[in-house]
Amino acid sequence: MINAFHRPQTIVLLGGRSDIGRAIVTELASPQLRAVVVGQRDGGDPAALRSELALADDVDVVVEPFDATDHDGHRAWVARVVEQIGDLDVVVQAFGELGLGAADDPASAAALIDVNTVGAVSSGLAIGERLGKQGYGVLVVLSSVAGVRTRASNFVYGASKAGQDAFSTGLAARLAGSGARVLTVRPGFVRSAMTDGMEEAPFSCDPSDVAKAVTDGLRRRRSVVWVPGVLRYVFGLLSHAPEFVWRRLDR
Amino acid sequence: MPTVAESLVADSSDALALAGERGVIARGLGRAYGDAAQNAGGTVVQLPGGRVGVRVDQARGVATAQAGVSLDEVLRVVVPKGWFVPVTPGTRFVTVGGAVAADIHGKNHHVDGTFGAHVESLALRLADGSLRTITPHADPGSDDHDLWIATVGGMGLTGVIEAVTFRLIPIETSRCEVLTERVPDLDRLIERIIATESSRYSVAWIDLLATGTSLGRAVLTTGDHATKDRLAELSPQAMTDPLAFAPRTLPDVPPGLPNLLNRFAVRAFNEVWYRKAPTHAITAESITGFFHPLDMIGSWNRAYGPAGFLQYQFVVPDGATDALRTVIERVTASGNASFLAVLKRFGAEGDCLLSFPKSGWTLTLDLPTGAAGIEALLRSLDELVLDAGGRHYLAKDAIANPATIAAGYPKLDRWREIRHRFDPDRRWQSDLGRRLDLIS
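Scoring rules and cut-offs
- Residues numbered from 1 in each chain as written.
- Chains lettered and ligands numbered in written order.
- Predicted model: local features only at pLDDT ≥ 70, side-chain atom pairs only at ≥ 80, totals over all residues.
- Helix = DSSP H or I, 4+ residues; strand = E, 2+ residues; numbered from the N terminus.
- Rg over C-alpha atoms; globule rule 2.2 N^0.38 Å.
- Contact = placed C-beta atoms within 7 Å.
- Domains from an automatic or database assignment.
- Nonpolar A, V, L, I, M, F, W, Y, C, P; charged D, E, K, R; others polar.
- Core = buried A, V, L, I, M, F, W, Y, C linked by C-beta atoms within 7 Å.
- Buried ≥ 20, exposed ≤ 12 C-beta atoms within 10 Å, placed from the backbone.
- Pairing = 2+ DSSP bridges.
- Right-handed = clockwise from strand over helix to strand, strands pointing away.
- Axes fitted to C-alpha atoms, helices over the stretch in contact; angles between N-to-C directions.
- Expected span 1.5 Å × (residues − 1).
- Arc of directions from axis to C-beta.
- Parallel < 35°, antiparallel > 145°, perpendicular 65-115°, else oblique.
- Left-handed = near helix turned anticlockwise from the far one by under 90°.

Undergrad: What's the story with the overall build of chain B in this structure? I'm lost.
TA: Of the regular secondary structure elements, chain B holds 14 helices and 17 strands. In terms of overall size, chain B behaves like a compact globule, its C-alpha atoms giving a radius of gyration of 21 Å where 440 residues would be expected to give roughly 22 Å. Along the longest, intermediate and shortest principal axes, the C-alpha atoms of chain B span 60 × 55 × 45 Å. Restricting to contacts in chain B with at least 6 residues of sequence separation, those with at least 24 account for 73%.

Undergrad: Looking at this structure, I do not really get the overall build of chain A. What am I missing?
TA: Scanning chain A for helices and strands turns up 8 helices and 7 strands. Taken against the 2.2 N^0.38 rule, which gives 18 Å for 251 residues, the C-alpha radius of gyration of chain A at 17 Å falls within 12% of a compact globule. If one aligns the C-alpha atoms of chain A with their principal axes, the spans along those axes are about 55 × 35 × 35 Å. Partitioning the contacts of chain A with sequence separation of at least 6, the portion at a separation of at least 24 is 68%.

Undergrad: In this structure, what is going on with the domain arrangement of chain B? I would like to understand it.
TA: It is common to report an interface's size as the accessible area lost on association of the parts. Residue and element names in this part refer to chain B. What the domain assignment lists for chain B is domain 1 (12-170 + 410-435) and domain 2 (175-404). For the side of domain 1 that touches domain 2, the secondary-structure elements that each account for two or more residues are α2 (71-78), α4 (109-112), α5 (143-151) and α13 (412-422). Across the side of domain 1 that touches domain 2, the residue classes break down as 17 nonpolar, 14 polar and 7 charged.

Undergrad: What should I look at first to understand the nonpolar core in this one?
TA: Residue and element names in this part refer to chain B. Counting residues in each nonpolar core, the largest one holds 121 residues, and the members touching the most others are V74, V100, V164 and V316. Two domains each provide a minimum of three residues to this core, namely domain 1 (12-170 + 410-435) and domain 2 (175-404). Excluding residues within four positions of it along the chain, V164 makes contact with A65, A67, V96, G97, V100, V119 and L122.

Undergrad: Just to check I follow, could you spell out the pairing of strand β4 (residues 90-93) of chain A for this structure?
TA: Residues and elements named next belong to chain A. Residues V90 and V92 of β4 are buried on one face, and the alternating residues V91 and Q93, pointing to the opposite face, are buried as well. Across 4 bridges, the pairing between β4 and strand β5 (residues 138-142) is parallel. Directly across from V90, in β5, lies its bridge partner V138. Regarding the hand of the β-α-β motif, the stretch spanning β4, helix α4 (residues 106-134) and β5 is right-handed.

Undergrad: Would you mind going over the sheet that holds strand β6 (residues 119-125) of chain B with me for this structure?
TA: Across a sheet, paired strands are connected by hydrogen bonds in the backbone, their directions being either parallel or antiparallel. Residues and elements named next belong to chain B. Sheet architecture is open: 5 strands sit in the order β3-β4-β8-β6-β7, paired in antiparallel fashion. Looking at the sheet topology across the chains shown, the edges are occupied by β3 (54-57) and β7 (131-134). The sheet shows a mean angle of 15° between the axes of neighbouring strands, taken without regard to direction. Bridging between β3 and strand β4 (residues 62-66) involves 4 bridges; their strand directions are antiparallel.

Undergrad: Just checking my understanding: could you explain the sheet that holds strand β1 (residues 10-14) of chain A for this structure?
TA: All names here are of chain A. A sheet is described by the order of its strands in space; here 7 strands give the open sequence β3-β2-β1-β4-β5-β6-β7, paired in parallel fashion. Looking at which strands have only one partner, the edges of the open sheet turn out to be β3 (60-63) and β7 (224-227). Each adjacent strand pair in this sheet contributes to an overall mean axis angle of 15°, direction not counted. Taken together, the 5 bridges between β5 and strand β6 (residues 181-187) define a ladder with parallel strand orientation. If you follow V138 over to β6, its bridge partner there is R181.

Undergrad: Sorry if this is basic, but what is going on with the interface of chain B and chain A here?
TA: Contacts between the two partners involve 17 residues from chain B and, on the opposite side, 17 residues from chain A. Sorting elements by how many residues they give to the side of chain B that touches chain A places helix α14 (residues 431-435) of chain B first, with 3 residues. When grouped by side-chain class, the residues that make up the side of chain B that touches chain A number 7 nonpolar, 6 polar and 4 charged.

Undergrad: Help me out: how do you make sense of helix α6 (residues 207-219) of chain A in this one?
TA: Given 3.6 residues to a turn, an α-helix orients residues that are three or four positions apart in the same direction. Residues and elements named next belong to chain A. The terminal C-alpha atoms of α6, which comprises 13 residues, lie 19 Å apart, in line with the 18 Å expected from a rise of 1.5 Å per residue. Among all positions of α6, only P207, V210, A211, A213, V214, G217 and L218 are buried. Buried residues of α6, seen end-on, are gathered within an arc of 165° and therefore sit on one face of the element. Looking at the buried side of α6, the elements it contacts are α1 (19-28), β5, β6 and β7. One or two steps after α6, the chain reaches R221, where phi turns positive at roughly 55°.

Undergrad: Got a minute to help me understand the environment of H392 of chain B in this structure?
TA: Following the sequence through the fold, H392 of chain B ends up in strand β17 (residues 391-392). Not counting chain neighbours up to four residues away, the residues in contact with H392 of chain B comprise Q313, F314, V385, D397, A400, T404, I405 and G408 of chain B.

Undergrad: Could you clarify how one ought to interpret the packing of α4 of chain A against helix α5 (residues 155-175) of chain A in this entry?
TA: All names here are of chain A. Taken N-terminus to C-terminus, the directions of α4 and α5 make an angle of 15°; their axes are 9 Å apart at the nearest point. Judged on the interaxial angle alone, α5 and α4 are roughly parallel. As α4 runs across α5, the sense of the crossing is right-handed. Residues A109, L112, I113, N116, T117, A120, V121, G124, G128, L131 and G132 of α4 lie in contact with α5, whose contacting residues are V156, Y157, S160, K161, G163, Q164, F167, S168, L171 and L175. Class assignment for the residues of the contact of α4 with α5 results in 11 nonpolar, 9 polar and 1 charged.

Undergrad: I would appreciate a short explanation of the packing of α1 of chain A against α6 of chain A in the present structure.
TA: Residue and element names in this part refer to chain A. Put simply, α1 and α6 touch, their axes get as near as 8 Å, and they point 50° apart. In terms of their interaxial angle, α1 and α6 are classed as oblique. Read as a crossing pair, α1 and α6 show a hand that is right-handed. Contact residues: α1 offers D19, I20, A23, I24, T26, E27 and L28, while α6 offers P207, S208, V210, A211, K212, V214 and T215. Here the residues of the contact of α1 with α6 sort into 8 nonpolar, 3 polar and 3 charged.

Undergrad: Even after reading the chapter, I still don't get helix α6 (residues 186-195) of chain B, so can you show me in this structure?
TA: Residue and element names in this part refer to chain B. Buried within α6 we find L186, L189, I190 and I193. Taken down its axis, α6 places every buried residue within 95° of arc, on the same side. In α6, the exposed positions that point more than 90 degrees away from the buried face belong to E191 and A195.

Written out as C-alpha cells, the structure reads:
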C-alpha cells in the first residue's frame, strides 16, 4: 500500500536493463519499500540488482524473466508476480529498443513495433487489469517526445512510441474512477546506455532527472509528465508548426 | 473495469456475504486522517446514524447508541438532559463506533482516560457473521476478554462494532468554565500544564513559528463544566437556558483553492492569535467553542490546497520533555508552516492492545503534504519519538512504515494473534491494515 508521500512498498520494473527504469526504482526506494520485482529477458541476478539499484538489505529482490513479445503470457506473468509479492503499488514499464536501422528493413521495423508497442499494450493491459482489481496503484509508462511528432531520423521508433503513448493515456482514461492510475512520462533525449554515442538533442537530461520528475508527478497525481518540463511548451508549439519548419529542425 | 458501486444491505453480516477477497472495513464519518477506513478494491460498509439511534438511561447516566451515530447526535440528545459524553475529540463529527475503534482521547485523558474506558458493553459483528456482546469485565485470558482488548483501539480490524453502551458525565450547564493563559515559552508551558492538572480539561496551542527564547510559546486553556452557580457569575444571560446546545456552522471553505496556509499566512495568524489571547482570564465558553473549534468552519482542510495536509501525532513518556523540545526545535527550524500544534498531557495507559495514549506528552502537528523537506523531517521525528520510548497514533497516521508501529506497540504481536484467531480468513481488511502489516 502506498503512503501519503506516495512511497510504494512494492515496485515492479518491466525492463530491468533500462537506466531510466533503474533510476526510478532507486528514487522511489525508502524505508517503506518491501519488495522489488525485476522483469527482463535474460533473468538477472538478485544480489547484483540489489546493489545496482542501491536497495537496502531488507528489501526482497525478485527476478521474474519477462519477454515483451510473449503477449499470451503477460497475464500469467502478472499473476506470478502478485503471487510472490502481493499487491503492486508502482509498476514501471521501461522496456524498449531504439531500433537503429529499422527504417531499412520491414521485418526489423515490425519486430521493433512488436516490442515497443504491442508489448507495451499487452503487458500494460495485464497490469491495468490487476491495478483495477486492487483499486489502487500506478503504472508508470516511459513514453518519449519522439512519439509526439515523428522525425525522419527515427520515425519507426517514434511511431512505436506514439502507439505506446496513445495506449497509455487511453488506459489512464479507462482506469479513471477505479482508484488505479497511469502516469505517462515523455522524456526528451536522455543520456543513457541506450543513447550512448548518439549526438545529444537540445533539452537533454539524465535518468535521475526523469526519476525525480516521476516521483514528483506521482505525488502530484499527474497523468502526464514531460522531462524536462519545458518540453511540454516546446512541443505545444512544435506540434503545430508547418511541416517544412519541422523538417528543418531534424538533424 | 471495476468502479465504485454502492448497495444497500440490511446489516453488516450481509456486507460480509457480499464481500470478496479484499474484505470489508466499517467506515464512520471518515475523520481518521489516513487510510484507516479505506479498503482499495474491497468493500466499505457504513452504518446508519441519526438521533433516533440514541437511548439514555436517565437513572444510571448511561447511553446506548448505534455505532453509526455521531457524537454530535449523541450530544444533541444528552446535553439537554444534563449529561455530557465522557470523552470528546476536537471534532464532534466522529461516530460512536469510530470512537471505540480508535479508542479516542480528548482534553481530559489525564483525568478520565480514553473513550473505551467508559464503555460498558458493545455489540460486535465477527468474521463468521455472528453478533457478540462483549464487555470489559470478562475473565482475563477468556475469548471475550481477548476480543475486548483487541477491539477497543483495534481500528475495525476485529469486526464491525454495531452498538455501544457507555457511561455519561453529569453536567449542570452546557457551558464550560475556562481559564485561558498566555505562556511565553516551552518550559513555562510544561510547568503550567502540570500546575493545572487538577482541571478536568486541558490543552495548549503552541505557536511553532516562535523561535529563540520564545520557542514553545503557547496559549493554555484549562477548565471544567460550569456549575450553575459559576455560570450565573460568569455569564448571567446564559442562565435563561443553562443546558442549551445548538451549534452553528459557518459556511464551508470552497473547493479548488491553492494552499493558503504558507509560512507568511501562518506567521501572521499565529501572531494575532497569540496577542489576542488574554494573559490570564476566566470565561464561560460553549461546548463548541471550547471542545470543537474546528467544527465551526466546514471543510477547513480545503485551505491547504490540492496537495492537502497530513497530521502527525505522537506521545512521548513523562521524562522525555527534552525529546519534545527537540521535536519543536526541528519543526520550527524546518520552516514548514504548521498551523495547528496542540500539546496535551496523557494519563496512564489502558489495557487495550493497540490503544495509543500512555502516560506523558502528546503533540499533534498539521503539515502541508506538498511542502519541501516534510518527508525527511517526519522520518527524523519518527526516530526521535521511538528513541524516547514514544509512539504514533494510528487514527492520524498516513505515512508510517510497519517497523515504526511495531516499535511503538510492544503488544502488537498479541493483537495480531487474537485478530487472526477470530478472523483467520481475513474478512476484515483496510488500507491501513495492509500498509502497516497489521493483518497477518
